[in-house]
Structures are given as C-alpha cells and as structure tokens.
Amino acid sequence: MAIFKPAIVANWKANKTQEQALSWIEKVGSFLEEKSGEIILCPPFILISPLRERLRALGFSDFIHLGAQNISHYECGPYTGEVTAEQLSGLVEYSLIGHSERRRLFGEKEKDIVQKINLAKKWQIKPILLVDLPQVNEVSLYADQEMLVCYEPISAISTPGDYRPDNPEDASRAAKEILARNSKAVVLYGGSVNQANAQSFLKVGFSGFVVGQASLGEDDFIGLLTASFT
Ligand code: PGA
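So, a few notes on the structure that sits alongside this text. (Residues numbered from 1 in each chain as written. Predicted model: local features only at pLDDT ≥ 70, side-chain atom pairs only at ≥ 80, totals over all residues. Heavy atoms only, no water.)

1. Here we look at the sheet that holds strand E5 (residues 126–131)
1) Next: Taken together, the 8 strands give a closed barrel; going around it, the order is E1-E2-E3-E4-E5-E6-E7-E8, and neighbouring strands pair in parallel fashion. Shown here is a sheet whose adjacent strand axes are inclined to one another by a mean of 30°, direction ignored.
2) Next: Bridge analysis of strand E1 (residues 7–11) against strand E8 (residues 208–211) gives 4 bridges, and the strand direction is parallel. What sits directly across from Ala-7, in E8, is Gly-208.
3) Next: Across the sheet, helix H1 (residues 18–35) is in contact with E1, strand E2 (39–42) and strand E3 (64–68); its angle to E2 comes to roughly 170°.
4) Next: Of the strands in this sheet, E5, strand E6 (147–151) and strand E7 (185–190) are in contact with helix H6 (residues 168–181), which crosses E7 at around 150°. (Pairing = 2+ DSSP bridges. Helix = DSSP H or I, 4+ residues; strand = E, 2+ residues; numbered from the N terminus. Axes fitted to C-alpha atoms, helices over the stretch in contact; angles between N-to-C directions. Contact = heavy atoms within 4.5 Å.)

This is how it looks when you write it as structure tokens:
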C-alpha cells in the first residue's frame, strides 16, 4: 500500500500532558521538516484535537500524521468511556488495533478486533493491526487487503529503562508468516525499538516500526529517526 517508508509510529501509550505533547511536536516537527521525513503519532485520545490544531498552525500536519491508540468495537451508544471510529473520523488517519496491552490488560478478543477493523475502515481510518505469533492467523481474515500489520512480540515490549528487542532474524521469520497470510500487508516491527537497533530491523525487510518508550523523549526519538532515515 502507498505509505512513506520507513513508516515510524510513535505510540505514547498513557503518557504526556498537553504541555509536554505540544513541546514534543515543535521539536520533532522541526527536525522532520528539515529532513523531509514523515511519522505517525498516536497520542492519548484527549490530546488528539489540541495536537491537530497545533500541527496545522505550525504547518506540520502533512508529515506528522495522527493516529489513535485504540477505537471502540461499538458503533455508538450507551458505552461509558468508549471513543468511536465515527468520532475519530476526520481527526486521525490511522488507529492502532489489537495492541497486546489492550488484549492482555483490557480483555480484547479476536472478535472485538474484527469489529474494530471493520469500523475503522467504514470511517476511513487506516488500521494498524498488531499481532504476536499466537495471533498471526488474524491476518488471514484480511487476505489480499492492503493493510499495515505490526509484528510485536509481547516479550520484546520494553519496560521503563529496559530494552529487550527480538532478534531481527526471528522477527523476519514472523514477518514472512504475516506475508504468507496477506501478501499485501505492509509489515512493521514493534518491541524495544530504539536508535541502536532500528537499522537491524529495516535491514531484514521491515517497512517501519511501532515505538513506545523511545518515542517519549524528543532527543531519543530524533536519534531513532536519524538512525532510521540513513
Ligand atoms: P516499546 O513499546 O517500544 O516501549 O517496546 C512498543 C509498543 O508496545 O507498541
């Protein structure tokens, strides 16, 4: 599918105040502008609108694309705390779907993920499906559809201050499993990506990354972008 490469997705998870978020986009946006680079930024829901406004004001919205970290599997209605694809439509271009933290901590099942992907597509939001090996078969449900799929082994997700990436060769075998089920998937890698290991995953054929911890600090993230763009 037509996507800039490397496709680097910053997944802030439940981090950053509005003030911190606005200062991050100024610094990272200036760097991207100079390098003609693009990224997808997935902030917490509450920060999407203020970031969108500021990105437009700074002239950065063509290259800092916004994504949600999740969407509801409900269309709309009495579902306290949920945010729907329709509400996000027009505010974000992408949404992470099926992150292992959603599956493990919030009980998301394959049937929920199918509904989320259907609703995302209905509302013109491009899904970024995240799978570990046990979920690789979910990719078959979208055989021959252009879609971003991120291979993210749970064991490789960082903990504060600790990076433990997968071995690039093992990860590339998983990427082949994904492509065997959907030859049109654009396959990303996630799990402890940082500036020291980014190139090793691009070299084995990944089209980009989903980055958690190393996307939080501006300098760490710019370091990662520098390592990935060269
Ligand atoms: P990490 O997180 O880069 O901190 O390992 C990635 C993710 O969970 O999406």
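More follows now that the structure is in view.
2. Details of unusual backbone geometry
1) Next: The step from Lys-5 to Pro-6 runs through a cis peptide bond, and the omega angle for that step is -5°.
2) Next: Its place among the elements puts Pro-6 in the segment before E1.

3. Side note on the nonpolar core
1) Next: One finds Trp-24, Ile-39, Leu-41, Ile-178 and Phe-209 to be the most contacted residues of the largest nonpolar core, which totals 59 residues.
2) Next: With residues near it in sequence (within four places) discarded, Leu-41 still touches Ala-10, Trp-12, Trp-24, Ile-25, Leu-51, Ile-64, His-65, Leu-66 and Gly-67.
3) Next: Ranked by size, the runner-up nonpolar core spans 15 residues in total, among them Phe-4, Ile-128, Leu-130 and Cys-150. (Core = buried A, V, L, I, M, F, W, Y, C linked by side-chain atoms within 4.5 Å. Buried < 20%, exposed > 50% of the residue type's maximum accessible area, 1.4 Å probe, protein only.)

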